[in-house]
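Inside the fold
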Amino acid sequence: MKIKSLFYFLFFILISCLIFALYPDKLMPSLHTTLSSLGQFALILPAIILLMGIFSVLVTPDMIEKNFGDKSGLKGNLKALFFGALMSTGPFYLSFPMAKRLIDKGAKPSAVVIFVSAWNGIGIIAEIVELHYMGFPFTLIRLTLNILFIFLCGIVAEYLYSLASKKP
Amino acid sequence: MQDYLFAVIINGAIILSWLVLFLKNKKKGIEAIHVGIQTIVEMLPMILIIIGIMGIATSFVSPEKVSESLGDRSGLRGFLVISIISSFLQIPGVIAFPIASTLWESGAAVSVVAVFASASTMASILTLPIEMKYLGKKLPIIRIVLTYFVCVAVGLLTGFFYKILI
């Protein structure tokens, strides 16, 4: 995994050298933008590193076992939203085995959909990055809408799922 | 200026929370740093590549061109194209927002930026096979189709509310 991404990185350096050899006048503006973006990213890097660490230590997969035993409707959905957002400290593909655990614990389809969407759409780390890059108004509006619609999506998905499951 | 303020506050708050964790449980505190660094090291090459690509891209594509095709006056076409492209991709939030802010600074409309941010993180058609492997066939397909419409709605409404409120 690491070697592969390192290879991509070297490939990217090679391609950019080629581009700048063809368009030397683009070198300075590109370098300028890239360095200032790197600076902007470095500003929140400590927060990202610590937050990813803190949440992956504190919010463990065992919490799913403890919290999704009962098949409560709205409460289960709220929990799915909450845990999805807090657990999303790793890559997206970890959300699927985690959601599988929810199913195994008897969670409803709506909770599973909400969990996966919350993990990828309103993850705690991503929201910190969003605040930093997009500012408070944008983040607040999009986050509020996202939460509402993720919830709605879960409920509609469960309805469609039950329709699809009825057919022979 | 506002950027720095937020960065200082968030870094301070999180370092403080880590200190609390560390003082309560030294082992967990150290493990947290270890896991955090490990995760970021794995992501770093991809983050650097994306930041580099954005740097090069902005020197080739002028803000005029971006606002012409994705700006407020470009109509729905740019919005729909971006929504479809981003619903195929799976981009982690940490990388999606630097791209989104570059789009925004280059003159893209708020709705376009919002639909990119939502769809590239939540709806990912290309990774559907992985999702199906764990969650069966029906539920992931239903989720992705619905999520696409969710992202379109969130994009349009974010643009709408942003214009009214700010």
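What you are looking at is a predicted structure, and each value in this text was computed from that prediction instead of being measured. (Residues numbered from 1 in each chain as written. Chains lettered and ligands numbered in written order. Predicted model: local features only at pLDDT ≥ 70, side-chain atom pairs only at ≥ 80, totals over all residues. Heavy atoms only, no water.)

1. Comments concerning the confidence of the model for chain A
- For chain A, the average pLDDT comes to 89, and 95% of its residues sit at 70 or higher.
- Mean pLDDT values over the elements of chain A span from 78, in helix α3 (residues 62-67) of chain A, up to 94, in helix α8 (residues 136-166) of chain A. (pLDDT = per-residue confidence, 0-100. Helix = DSSP H or I, 4+ residues; strand = E, 2+ residues; numbered from the N terminus.)

2. Here's the deal with the nonpolar core
- Within the largest apolar cluster, 94 residues are counted, with the highest numbers of intra-cluster contacts made by Ile48, Met87 and Phe115 of chain A together with Ile47 and Val94 of chain B.
- The residue makeup of this core includes at least three contributed by each of domain 1 (1-47) and domain 2 (59-166) of chain A.
- In contact with Ile47 of chain B, not counting residues within four places along its chain, are Phe41 of chain A together with Ile40, Val94 and Ile95 of chain B. (Core = buried A, V, L, I, M, F, W, Y, C linked by side-chain atoms within 4.5 Å. Buried < 20%, exposed > 50% of the residue type's maximum accessible area, 1.4 Å probe, protein only. Domains from an automatic or database assignment. Contact = heavy atoms within 4.5 Å.)

3. As for the packing of aromatic side chains
- Tallied over the entire structure, the rule returns twelve aromatic pairs over all chains.
- Aromatic pair Tyr23 of chain A and Phe60 of chain B: ring centres 5.1 Å apart, planes at 90°, arrangement edge-to-face. With Tyr23 of chain A in the loop between α1 (2-22) and α2 (27-58) and Phe60 of chain B in helix α2 (residues 26-60), this residue pair bridges two chains.
- We classify Phe60 of chain B as partly exposed; its relative accessible area is 31%.
- Ring centres of Phe92 of chain A and Phe96 of chain A lie 6.1 Å apart, and the angle between their planes is 80°; on these two criteria the pair is classed as edge-to-face.
- A network of ring pairs unites the aromatic residues Phe92, Tyr93 and Phe96 of chain A as a single cluster.
- In this structure, Lys26 of chain A is placed above the aromatic ring of Phe60 of chain B, and the distance from its NZ or CZ to the ring centre is 5.1 Å.
- A cation over an aromatic ring shows up here: Lys26 of chain B above the ring of Phe22 of chain B, its NZ or CZ 5.6 Å from the ring centre. (Phe/Tyr/Trp six-rings, centres within 6.5 Å; stacked < 30°, edge-to-face > 60°. Lys NZ or Arg CZ within 6 Å of the ring centre and 35° of its normal.)

4. A look at the state of the cysteines
- All told, the structure shown has zero disulfides over all chains when counted by the stated rule.
- Distance from the sulfur of Cys153 of chain A, which forms no disulfide, to the nearest cysteine sulfur (Cys151 of chain B) is 8.7 Å.
- With a relative accessible area of 4%, Cys153 of chain A lands in the buried category. (Disulfide = S-S within 2.5 Å.)

5. Some points on the layout of surface pockets
- The space that makes up the largest pocket amounts to roughly 910 Å³.
- When residues of the lining of the largest pocket are traced back to their parent elements, those giving at least two are α1, α6 (109-121) and α7 (124-134) of chain A together with α2 and α5 (93-105) of chain B.
- Tallied by class, residues from the lining of the largest pocket come to 16 nonpolar, ten polar and three charged.
- Built from parts of two domains, the lining of the largest pocket gets at least three residues from each of domain 1 (1-47) and domain 2 (59-166) of chain A.
- As a volume, the second largest pocket reaches approximately 380 Å³.
- As for the second largest pocket, its lining consists of 17 residues, and the residues nearest its centre are Met54, Leu70, Ile82, Ile99 and Leu103 of chain B.
- Among the elements of the structure, α2, α3 (63-70), α4 (76-88) and α5 of chain B are those that each provide at least two residues to the lining of the second largest pocket. (1 Å grid on protein atoms, 1.4 Å probe; cavity = no way out; pocket = protein on both sides within 12 Å on 5 of 7 lines; lining within 4 Å. Points joined across faces, edges and corners; volume = space filled by probe spheres on them. Nonpolar A, V, L, I, M, F, W, Y, C, P; charged D, E, K, R; others polar.)

6. Examining the confidence of the model for chain B
Residues and elements named next belong to chain B.
- Averaged over chain B, the pLDDT score is 92; the fraction of residues at 70 or greater is 98%.
- Averaged over each element, pLDDT in chain B is lowest for α3 (88) and highest for helix α6 (residues 110-122) (96).
- For this predicted complex, the interface confidence score (ipTM) comes to 0.91, while the overall pTM stands at 0.91.

7. Remarks on the interface of chain B and chain A
- At the junction of the two partners, chain B supplies 70 residues and chain A supplies 71 residues.
- Here chain B packs against chain A, burying approximately 6,400 Å² in sum over the two surfaces, 83% of which is carbon and sulfur.
- A per-residue breakdown of the area chain B buries against chain A is headed by Phe97, Tyr134 and Leu139 of chain B, which together make up 10% of the total.
- The tally of links between chain B and chain A comes to zero salt bridges.
- Scanning the region where chain B abuts chain A turns up six residue pairs in polar contact (both at pLDDT 80 or more).
- Every element with two or more residues in the side of chain B that touches chain A is listed here: α1 (2-24), α2, α5, α6, α7 (128-135) and α8 (138-165) of chain B.
- Examining the composition of the side of chain B that touches chain A, we find that 24 residues originate from one element, α2 of chain B, more than from any other.
- Class assignment for the residues of the side of chain B that touches chain A results in 47 nonpolar, 16 polar and seven charged. (Buried area = accessible area lost by both parts, 1.4 Å probe. Salt bridge = Lys/Arg side-chain N within 4 Å of Asp/Glu carboxyl O. Polar contact = N/O pair within 3.5 Å; in protein donor to acceptor, adjacent residues only side chain to side chain.)

8. What to know about the environment of Arg142 of chain A
- Tracing the backbone through its elements, the reader meets Arg142 of chain A in helix α8.
- Take Arg142 of chain A: its relative accessible area is 0%, and that puts it in the buried class.
- Put simply, Arg142 of chain A and Ser16 of chain A are 126 residues apart on the chain and 34 Å apart in space, counted from C-alpha to C-alpha.
- In this view, Arg142 of chain A contacts Gly121, Glu127 and Glu130 of chain A together with Phe97, Ala114, Ala117, Ser118, Val154 and Thr158 of chain B; residues no more than four positions away in its chain are not counted.
- Polar side-chain contacts of Arg142 of chain A include one of 2.9 Å to the side chain of Glu130 of chain A.

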